[in-house]
Amino acid sequence: MKDLSQKHIVLGLSGGIACYKAAELCRLLTKSGASVQVVMSEAATQFITPVTMQALSGREVFVSQWDDRQFNNMAHINLTRQASAILIAPASADFMAKLIHGRADDLLSLMCLARPLESTPLLLAPAMNREMWSHPATQRNVQQLKEDGAVVLGVAQGDQACGETGDGRMLEPLDIFSELCDFFEPQVLKSRRVLINAGPTFEPIDPVRGLTNLSSGKMGFSLAQAAKAAGAQVTLISGPVHLSPPRGVRLIPVQTAQEMHDQVLLEVEQADVFIATAAVADWRVKNYSTAKLKKGEDRKPPHLEFEENPDILSAVAHGDRARRGALFCVGFAAESHDLLQHASEKRIRKGVPLMVGNLGPLTFGRDDNELLLIDEHGVKTLERNSKEKLAALLITDVAQRLERFLEGKKS
Ligand code: C5P
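What counts and what doesn't
- Residues numbered from 1 in each chain as written.
- Predicted model: local features only at pLDDT ≥ 70, side-chain atom pairs only at ≥ 80, totals over all residues.
- Heavy atoms only, no water.
- Axes fitted to C-alpha atoms, helices over the stretch in contact; angles between N-to-C directions.
- Helix = DSSP H or I, 4+ residues; strand = E, 2+ residues; numbered from the N terminus.
- Parallel < 35°, antiparallel > 145°, perpendicular 65-115°, else oblique.
- Left-handed = near helix turned anticlockwise from the far one by under 90°.
- Contact = heavy atoms within 4.5 Å.
- Nonpolar A, V, L, I, M, F, W, Y, C, P; charged D, E, K, R; others polar.
- Pairing = 2+ DSSP bridges.
- 1 Å grid on protein atoms, 1.4 Å probe; cavity = no way out; pocket = protein on both sides within 12 Å on 5 of 7 lines; lining within 4 Å.
- Points joined across faces, edges and corners; volume = space filled by probe spheres on them.
- Domains from an automatic or database assignment.
- Near = heavy atom within 4 Å.
- Polar contact = N/O pair within 3.5 Å; in protein donor to acceptor, adjacent residues only side chain to side chain.
- Areas by Shrake-Rupley, 256 points an atom, 1.4 Å probe, with all protein chains shown as cover.
- Sits in = over half its atoms within 2 Å of the grid points.
- Phe/Tyr/Trp six-rings, centres within 6.5 Å; stacked < 30°, edge-to-face > 60°.
- Buried < 20%, exposed > 50% of the residue type's maximum accessible area, 1.4 Å probe, protein only.
- Buried area = accessible area lost by both parts, 1.4 Å probe.

Student: Describe the packing of helix H4 (residues 93–100) against helix H7 (residues 136–147), with residues and values.
Tutor: At a minimum axis distance of 9 Å, the contact between H4 and H7 shows a crossing angle of 50°. By the angle between their axes, H4 is oblique relative to H7. Along this stretch, H4 crosses H7, giving a crossing that reads as left-handed. Here Ala 93, Met 96, Ala 97, Leu 99 and Ile 100 of H4 lie close against H7, whose contacting residues are Thr 138, Asn 141, Val 142, Gln 144 and Leu 145. Residue composition of the contact of H4 with H7, grouped by class: seven nonpolar, three polar and no charged.

Student: Kindly report on the sheet that holds strand S5 (residues 151–152), identifying the contributing residues and their values.
Tutor: Adjacent strands of a sheet form backbone hydrogen bonds with each other and so pair up, either parallel or antiparallel. One open sheet holds the five strands; their spatial order is S2-S1-S3-S4-S5, and the pairing between them is parallel. Every interior strand has two partners, whereas the edge strands, strand S2 (35–40) and S5, have only one. Where strand S3 (residues 85–91) meets strand S4 (residues 122–126), four bridges bridge the pair, whose relative direction is parallel. Paired with Ala 91 across the two strands is Pro 126, which belongs to S4.

Student: Residue-level account of the layout of surface pockets, with values.
Tutor: Roughly 1,100 Å³ of internal volume is contained in the largest pocket. Lining the largest pocket are 34 residues, and of these Lys 2, Ser 222, Gln 225, Ala 226 and Glu 388 lie nearest its centre. Those elements that provide at least two residues to the lining of the largest pocket are helix H8 (173–184), helix H9 (218–229) and helix H14 (387–410). The biggest single contributor to the lining of the largest pocket is H14, with eight residues. Residue classes in the lining of the largest pocket are distributed as 17 nonpolar, six polar and 11 charged. Here the lining of the largest pocket gathers at least three residues from each of two domains, domain 1 (8–184) and domain 2 (193–410). If you add up the space inside the second largest pocket, you get close to 720 Å³.

Student: Describe the site of the ligand, listing the residues and the values that go with them.
Tutor: The environment of the ligand is formed by Ala 276, Ala 278, Val 280, Asp 282, Pro 310, Asp 311, Ile 312, Leu 313, Gly 331, Phe 332, Lys 346 and Lys 350. In the model, a nitrogen atom of the ligand is placed 3.0 Å from a nitrogen or oxygen of the Ile 312 main chain. Against a free-state accessible area of 440 Å², the protein chains account for coverage of 87% of the ligand. Counting atoms within 2 Å of the grid points, the majority share of the ligand lands in the second largest pocket. Going through the elements one at a time, helix H11 (312–317), strand S16 (328–335) and helix H13 (339–350) are the ones with two or more residues in the shell around the ligand.

Student: Any chance you could break down the packing of aromatic side chains for me, citing the residues and the numbers?
Tutor: Counted by the stated rule, this structure contains two aromatic pairs. Relative to Phe 184, the ring of Phe 183 lies with its centre 5.7 Å away and its plane at 70°, an arrangement referred to as edge-to-face. What makes Phe 183 partly exposed here is its relative accessible area of 31%. You can call Phe 184 partly exposed: its relative accessible area is 21%. Between Phe 328 and Phe 405, the ring centres sit 5.3 Å apart and the planes meet at 65°, which makes this aromatic pair edge-to-face.

Student: Hey, could you go over the domain arrangement of the chain for me, with residue numbers and the actual values?
Tutor: For the chain, the assigned domains read domain 1 (8–184) and domain 2 (193–410). Each of domain 1 and domain 2 has a C-alpha centre, and these two points are 40 Å apart. Tallying the contact residues gives four residues for domain 1 and four residues for domain 2. Between domain 1 and domain 2 lies a buried interface of about 430 Å² when both sides are counted; carbon and sulfur atoms form 28% of it. Among the residues domain 1 hides against domain 2, the three largest losses belong to Asp 175, Glu 179 and Asp 182. Together they make up 83% of the total.

Student: I'd love a proper account of the environment of Ser 14, names of residues and values included.
Tutor: Mapped onto the elements, Ser 14 comes out in the loop between strand S1 (8–13) and helix H1 (19–31). Relative accessible area serves as the criterion here: at 2%, Ser 14 is assigned to the buried category. Taking the C-alpha atoms as reference, Ser 14 lies 62 Å from Leu 293; in sequence the two are 279 residues apart. Here Ser 14 is in contact with Cys 19, Ser 41, Ala 44, Ile 88, Pro 90, Ala 91, Ser 92, Phe 95 and Leu 108, once residues within four sequence places are set aside. Only 2.9 Å separates the side chain of Ser 14 from the backbone nitrogen of Ser 92, close enough to count as a polar contact.

Student: Tell me about the side chain of Ser 109, residues and numbers included.
Tutor: Assignment of secondary structure puts Ser 109 in helix H5 (residues 107–113). Looking at Ser 109, the relative accessible area reads 0%, which means it is buried. In contact with Ser 109, other than residues within four places in its own chain, are Phe 95, Lys 98, Arg 103 and Ala 104.

This is the structure we're talking about:
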């Protein structure tokens, strides 16, 4: 879980059945160390009580602009002045309509209008019936809110409390929480396009069997999440893994090394950075059997022949886009010993500016890792840490290198 211990969040609830999810969201925020001040509209109190939100946030809840518990009777000013952000979840259609007009007839809307625009960001998690969400008036309002500087999070798709199905459900609490965490990350890769490959490949022997390896895909998926949090548009091409793609990351699932190669070469044309974390099989079965191999009378094992798979990283690093200086490539080297030496040699062989070395047995399937960053000047160590933390550090490092790389290209 991300650490928000330095953050003070004003959690606003407007009226809607999704208010019940705000309780869980409040818990996630407090668990992450954030201090949370809940402000509710009158309508919100019809769906969940201030008592519940007070117990979960550990602070008095505010509902009315006439509440005289504040020394100067100005809750709408006082509550936001220390806030790292105001997060409205749920944001009802009516509440968003109110905001775009700068209306301020209750504490919640008054507080949004009175917030310092420069220092107190406003995030909204809309929640409503699908017809209300797709109505041109709502879509216009969403657009206007964005133009006015608010961050309008997406909505989820699925069954709605009204019995209908479609777009408009509020995002799940964990998704809102991670969007908020991403919002606080420095946008070091803003608008950059990052392509990552991840996981193992699966090389079929027959329709029911195949060869694969122990790569879990965790490092690549963590990097995709970190790059997205840093503001990048991320495409993730992954072999078979048991992981869900991070929200907002485009996933292209593949099976074989050849499929991964073909997809990478297609997608890389639109990328600024390529990070190759995938554990690509070096060989595939040449005499693939279209029928399941059976044990014969003689019980002899089948004879498998192999042919080499393409080297994806090498192909990309020696390809047009990289040669033109339009693409920054990063490779990963998983070794069993002499990491620095092998990874350094591999960096040169593959033709990439940065090779990230790690010890295979100490990373495959694990949640933590230790990395060596090897470039033409030498080596830097990222000490053992969770893959999430390492991914964030590596993305920050890659963003700096990308800037220098693009600068160098200009001069
Ligand atoms: O040669 P080796 O597999 O050790 O190199 C590791 C790096 O090369 C990784 O970045 C991996 O994703 C990439 N690779 C590749 N295609 C292959 C084999 C490895 O892109 N066929």
